[in-house]
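Okay, here's what each chain looks like letter by letter:
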Amino acid sequence: ISYATGHLDGSVRARGRLSNPDLKGSIVLRDIAFTATDLAQPVHGVTGTLAFTRNELIIKKFEAHDRDGVIKIDGGAKFTDAEHVNLALDIRAKDFPIRQQGQVVATTELEAKVKAKLARKRTEVAIELGAVDMWIESLDTRSGIALAMHPDFVIDGRATRARLNAGLLGRAQRRWCYPRPGQWR
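To keep things clear, this report deals only with the structure shown in the data block.

Turning our attention to the pattern of salt bridges. In the structure shown here, the tally under the stated rule is 10 salt bridges. The residue aspartate 22 makes a salt bridge to arginine 13 at a minimum N-O spacing of 3.7 Å. Overall, aspartate 22 belongs to the buried group, its relative accessible area being 12%. Using a relative accessible area of 36% as the deciding quantity, one classes arginine 13 as partly exposed. Arginine 122 is the salt-bridge partner of glutamate 124, the closest N and O atoms lying 3.0 Å from each other. A relative accessible area of 39% means that glutamate 124 is categorised as partly exposed. What emerges from the salt-bridge pattern is a single network uniting Arg13, Asp22 and Lys24.

Right, dumping it as structure tokens:
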């Protein structure tokens, strides 16, 4: 995060060990602006509340703007211990720009639910898309968009990079391939 401005109001009490903290309190975000540096994504008008209990972070009415677009997030994270986190988020976006190196490459409208189990040895993420509309900008981007599969990603637990490199499409990839081979003649 860079170029951060705005107001944080609230208080959080922290007790216990770093491996098992006991947090209580809340922080209210008012008129925050910052740039997500790695994406060069500037956001403004950031508002919302972060509430803390002993083992939970609750995100209430988080809202951020970029250009005329808005993204809204509600949800939270439950910490079973310092190494295991369960995350659940409801995400809604309207006319929100997607940037690459600061350049708007697309605009999206989105309704999604994200659930994740984060652990040191294994992370699982499920994304349920309720609605997605994306408009790709017709312009030359500063650099290409990498579409190669990352070796850490597994789709539906069935596909591996080795199978993809061997040209063997797993069941999960066939399901997401559109149109399917032989479907359009």
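A word on the sheet that holds strand β8 (residues 123–136). Read across the sheet, eight strands follow the order β1-β2-β3-β4-β5-β6-β7-β8 without closing on themselves; strand pairing throughout is antiparallel. Every interior strand has two partners, whereas the edge strands, β1 (2–17) and β8, have only one. The mean inter-strand angle of the sheet, taken between neighbouring strand axes irrespective of direction, is 10°. As judged from the nine bridges shared by strand β2 (residues 20–36) and strand β3 (residues 41–53), these two strands associate in the antiparallel manner. Note on β3: the bridge partner recorded for threonine 35 is proline 42.

Mapped onto the secondary structure, threonine 123 falls in strand β8. Overall, the relative accessible area of 45% leaves threonine 123 in the partly exposed class. On a C-alpha basis, the gap between threonine 123 and valine 85 in space is 9.5 Å, while along the polypeptide they are 38 residues apart. Excluding its chain neighbours within four sequence positions, the residues that come into contact with threonine 123 are Lys117 and Leu118.

Our focus in this paragraph is the pairing of β8. Sheet analysis places strand β7 (residues 103–119) next to β8, joined by 13 bridges and oriented antiparallel. The residue of β8 that forms the bridge with valine 114 is isoleucine 127. Counting the residues between successive antiparallel strands, the hairpin from β7 to β8 contains three residues.

This part is about the pairing of strand β4 (residues 56–66). As paired strands, β3 and β4 are joined by seven bridges and run antiparallel to one another. Looking across to β4, one finds that threonine 53 is bridged to glutamate 56. Taking the residues that link successive antiparallel strands as the turn, the β3-β4 hairpin has two residues. Pairing of β4 with strand β5 (residues 69–81), which is carried by nine bridges, proceeds in the antiparallel orientation. Bridge pairing links isoleucine 59 to glycine 75 in β5. Taken together, β4 and the strand that follows it, β5, pair antiparallel across an intervening segment of two residues, in which arginine 67 is found at a positive phi of about 55°.

The rules behind these values
- In this numbering scheme, every chain counts its residues from 1 along its sequence in written order.
- Where totals are concerned, whole chains, interfaces and linings use all residues; where local detail is concerned, this predicted model gives features only for residues with pLDDT of at least 70, and gives and counts side-chain atom pairs only at 80 or more.
- Side-chain measures were taken over the full set of non-hydrogen atoms in the model, leaving aside hydrogen atoms and water.
- Counted as salt bridges are all cases of a side-chain nitrogen of Lys or Arg within 4 Å of a carboxyl oxygen of Asp or Glu.
- Burial classes follow relative accessibility: with a 1.4 Å probe on protein chains only, a residue under 20% of its type's maximum area counts as buried, one over 50% as exposed, and anything between as partly exposed.
- Two strands make a pair as long as DSSP finds a minimum of two bridges between them.
- Secondary structure elements follow DSSP: runs of H or I of four or more residues count as helices, runs of E of two or more count as strands, with numbering from the N terminus.
- Axes, fitted as lines to C-alpha atoms, cover a helix only where it is in contact. Angles between the N-to-C directions of the axes lie from 0 to 180 degrees.
- The contact definition used throughout considers only heavy atoms, calling two residues in contact when any of these lie within 4.5 Å.

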